[in-house]
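The primary structure of each chain is shown beneath.
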Amino acid sequence: DSGVTQTPKHLITATGQRVTLRCSPRSGDLSVYWYQQSLDQGLQFLIHYYNGEERAKGNILERFSAQQFPDLHSELNLSSLELGDSALYFCASSASDRVRQPQHFGDGTRLSIL
Amino acid sequence: AQSVTQPDIHITVSEGASLELRCNYSYGATPYLFWYVQSPGQGLQLLLKYFSGDTLVQGIKGFEAEFKRSQSSFNLRKPSVHWSDAAEYFCAVGAPDRGSTLGRLYFGRGTQLTVWP
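Predicted model only: the values in this text are computed from it and were never measured.

1. Thoughts on the interface of chain A and chain B
Now for step 1: Residue-level contacts link 25 residues of chain A with 22 residues of chain B.
Now for step 2: Between chain A and chain B, roughly 1900 Å² of surface is buried when both sides are summed, and carbon and sulfur atoms account for 60% of that area.
Now for step 3: Among the residues of chain A in contact with chain B, Leu43(A), Val99(A) and Arg100(A) are the three that bury the most area, contributing 33% of the side total.
Now for step 4: Remark: the boundary between chain A and chain B carries zero salt bridges.
Now for step 5: For the side of chain A that touches chain B, the elements supplying multiple residues, two or more each, are strand S4 (31-38), strand S5 (42-50), strand S6 (53-57) and strand S9 (87-94) of chain A.
Now for step 6: Looking at the side of chain A that touches chain B element by element, the count peaks at four residues for S4(A).
Now for step 7: Across the side of chain A that touches chain B, the residue classes tally to 11 nonpolar, seven polar and seven charged.

And the structure:
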């Protein structure tokens, strides 16, 4: 158990819809990272938040947004969903915002778009 | 641009045999290097990491990895594989942005390990 909690574990929805994925980091961790894992692209970094502030953006679509709340949990919002958004979405947390700090991953949310 | 290559998509070994999973990276300076393992239905678990110093690093579950700067490689090894090691293994590079210690992880495409009894 990594200590990172992601909900829900599975999400099935239709094209055009909007969903919210939730992540609770390990106790004491201030950074939250979001990744997308798909067969086409592999594991891709989406976005990084540290103590409520956005720190870095990766290959995140404009239809996607994220935030980190004062209690440090984070949400990833995906809107106008397309079939290609079907993927496994991981959240990871680490103690600091330094890239050398190991990241601890949740079990992911599997998103299926029908 | 930073990149990570895991040349072997799938490796099959017999239980008790030795294992080496290859990882090559492309980065201008010495990167931060990680190996993660992903079991079905689970997230990624950190096996080991390398930042500096001794180029042979020990990790959990009996794994070790060796950093070779001249070859831009960070191969993962285990002397004797157990059936429970069957999983997907990911090499990752932490590449700081210029002038910063922030950055992101770049992952390889993974190597699927099958273990025969």
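2. A look at the pairing of strand S2 (residues 10-14) of chain B
Residue and element names in this part refer to chain B.
Now for step 1: Here S2 shows a clear split, with Ile11 and Val13 buried on one side and none of His10, Thr12 and Ser14 buried on the other.
Now for step 2: When S2 meets strand S12 (residues 111-116), the two strands line up parallel, connected through five bridges. Across the sheet, the residue bridging to Ser14 is Trp116, located in S12.

3. Things to note about the sheet that holds strand S3 (residues 19-24) of chain A
All names here are of chain A.
Now for step 1: Here four strands make up an open sheet; going across it, the order is S1-S3-S8-S7 and the pairing antiparallel. With one partner strand each, in any of the chains shown, strand S1 (5-7) and strand S7 (64-68) form the two edges of the open sheet. Averaged over all pairs of adjacent strands, the angle between strand axes in this sheet comes to 15°, irrespective of strand direction.
Now for step 2: In this sheet, strand S8 (residues 74-78) lies alongside S7 in antiparallel orientation, the contact comprising five bridges.

4. Observations regarding the pattern of salt bridges
Residues and elements named next belong to chain B.
Now for step 1: Applying the stated criterion across every chain, the model contains nine salt bridges over all chains.
Now for step 2: Glu64 is the salt-bridge partner of Arg77, the closest N and O atoms lying 3.3 Å from each other. Taken together, the residues Arg77 in strand S9 (residues 73-78) and Glu64 in strand S8 (residues 64-68) connect sequence positions 13 residues apart.
Now for step 3: For Arg77, a relative accessible area of 23% gives the class partly exposed.

About the cut-offs
Residues numbered from 1 in each chain as written. Chains lettered and ligands numbered in written order. Predicted model: local features only at pLDDT ≥ 70, side-chain atom pairs only at ≥ 80, totals over all residues. Heavy atoms only, no water. Contact = heavy atoms within 4.5 Å. Buried area = accessible area lost by both parts, 1.4 Å probe. Salt bridge = Lys/Arg side-chain N within 4 Å of Asp/Glu carboxyl O. Helix = DSSP H or I, 4+ residues; strand = E, 2+ residues; numbered from the N terminus. Nonpolar A, V, L, I, M, F, W, Y, C, P; charged D, E, K, R; others polar. Buried < 20%, exposed > 50% of the residue type's maximum accessible area, 1.4 Å probe, protein only. Pairing = 2+ DSSP bridges. Axes fitted to C-alpha atoms, helices over the stretch in contact; angles between N-to-C directions.

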